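An overview of the molecular structure
Listed below are the residues making up each chain.
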Amino acid sequence: MSKKKTALKNNSPPGLLKKPIEPGGSWKAGKISEMIIDFARPLLEVEGGPPDIDALRNIILLANICWNVPILEQENDPELARHLHLIDEIPEPLQRLLRQMIRDRKTRFGAVPFLVFANVTGTSLDDAAVQAEARKSPGRP
């Protein structure tokens, strides 16, 4: 059975600058939702992509967790233990992928100083959209 590829829509306000990975690329306006989709790409590509919207929601939830772990570590936030426990409960090799995403968050995305809270709207993969919001710390908008 072939899995349908979905182009996710981004529904968050602009305010993020992004720079292409290619050398010589210039900074351009971006969206937080684009950034989290880019960050979640390794999960979005597992087994050809999510089979349905519920799987997509779970992928974005896992990406949120991996994204926020380094900031929770820095702030000694009590939520860190819950996030790490969730990752520990996931079977290998997916757990390895999540731990790599946390490393990527600390390196490739390390200059981005905020937490991200993203969710998926829509009723199917055809109308799925990622909405994202950024916060400086867990307790402050």
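Below is a short write-up of the structure. Throughout, a residue's number is its position along its own chain's written sequence, starting from 1. This being a predicted model, a pLDDT of at least 70 is required before a residue's local features are given, and a value of 80 or more before pairs of side-chain atoms are given or counted; all residues contribute to the totals for chains, interfaces and linings. Side-chain metrics in this entry use all non-hydrogen atoms of the structure; hydrogen atoms and water are not considered.

1. Digging into helix α3 (residues 79-88)
Using a 1.4 Å probe on the protein chains alone, a residue whose accessible area is under 20% of its type maximum counts as buried, one over 50% counts as exposed, and one in between counts as partly exposed. Numbering goes from the N terminus for both helices and strands, where a helix is a DSSP run of H or I of at least four residues and a strand is a run of E of at least two. When we look at burial in α3, the residues that qualify are Leu-80, His-83 and Ile-87. Projected down its long axis, α3 shows its buried positions confined to an angular sector of 65 degrees, all on one face. Buried-residue contacts for α3 involve α2 (53-74) and α4 (94-106). Along the arc lie the directions from the helix axis toward the C-beta atoms. We call two residues in contact whenever any of their non-hydrogen atoms come within 4.5 Å of each other.

2. Quick notes on the packing of aromatic side chains
Whether two aromatic rings pair depends on their centres lying within 6.5 Å, for rings of Phe, Tyr and Trp, where Trp uses its six-membered ring; planes under 30 degrees apart make the pair stacked, over 60 edge-to-face, and the rest tilted. Enumeration according to the criterion identifies three aromatic pairs in this entry. Ring geometry for Phe-39 against Trp-67: centres 5.1 Å apart, planes inclined by 85 degrees, an arrangement best described as edge-to-face. With Phe-39 in helix α1 (residues 32-44) and Trp-67 in helix α2, this residue pair connects regions lying 28 residues apart in the sequence. An identical accessibility class is assigned to Phe-39 and Trp-67; each is buried. For the pair Phe-39 and Phe-109, a centre-to-centre distance of 5.4 Å together with 90 degrees between the ring planes defines the contact as edge-to-face. With a gap of 70 residues between them, Phe-39 in helix α1 and Phe-109 in the loop between α4 and β4 (115-121) connect regions that are remote in the sequence. Exposure remark for Phe-109: the relative accessible area of 7% places this residue in the buried category. Three or more aromatic residues joined by ring pairs form one cluster here, namely Phe-39, Trp-67 and Phe-109.

3. Here we look at the pattern of salt bridges
Here a salt bridge means any side-chain nitrogen of Lys or Arg lying within 4 Å of a carboxyl oxygen belonging to Asp or Glu. Under the defined criterion, the tally for this structure stands at seven salt bridges. Here Asp-54 ties to Arg-57 by a salt bridge, and the two come within 3.7 Å at their closest N and O atoms. Taken together, the positions of Asp-54 and Arg-57, both in helix α2 and three residues apart, correspond to about one turn of that helix. Among the residues examined, Asp-54 registers a relative accessible area of 49% and is labelled partly exposed. Of the charged contacts in the structure, one is a salt bridge between Glu-92 and Arg-96, with a shortest N-O distance of 3.1 Å.

4. Remarks on the environment of Leu-72
Topologically, Leu-72 is positioned in helix α2. Residues Leu-72 and Leu-115, spaced 43 residues apart in sequence, show a C-alpha to C-alpha distance of 8.6 Å.

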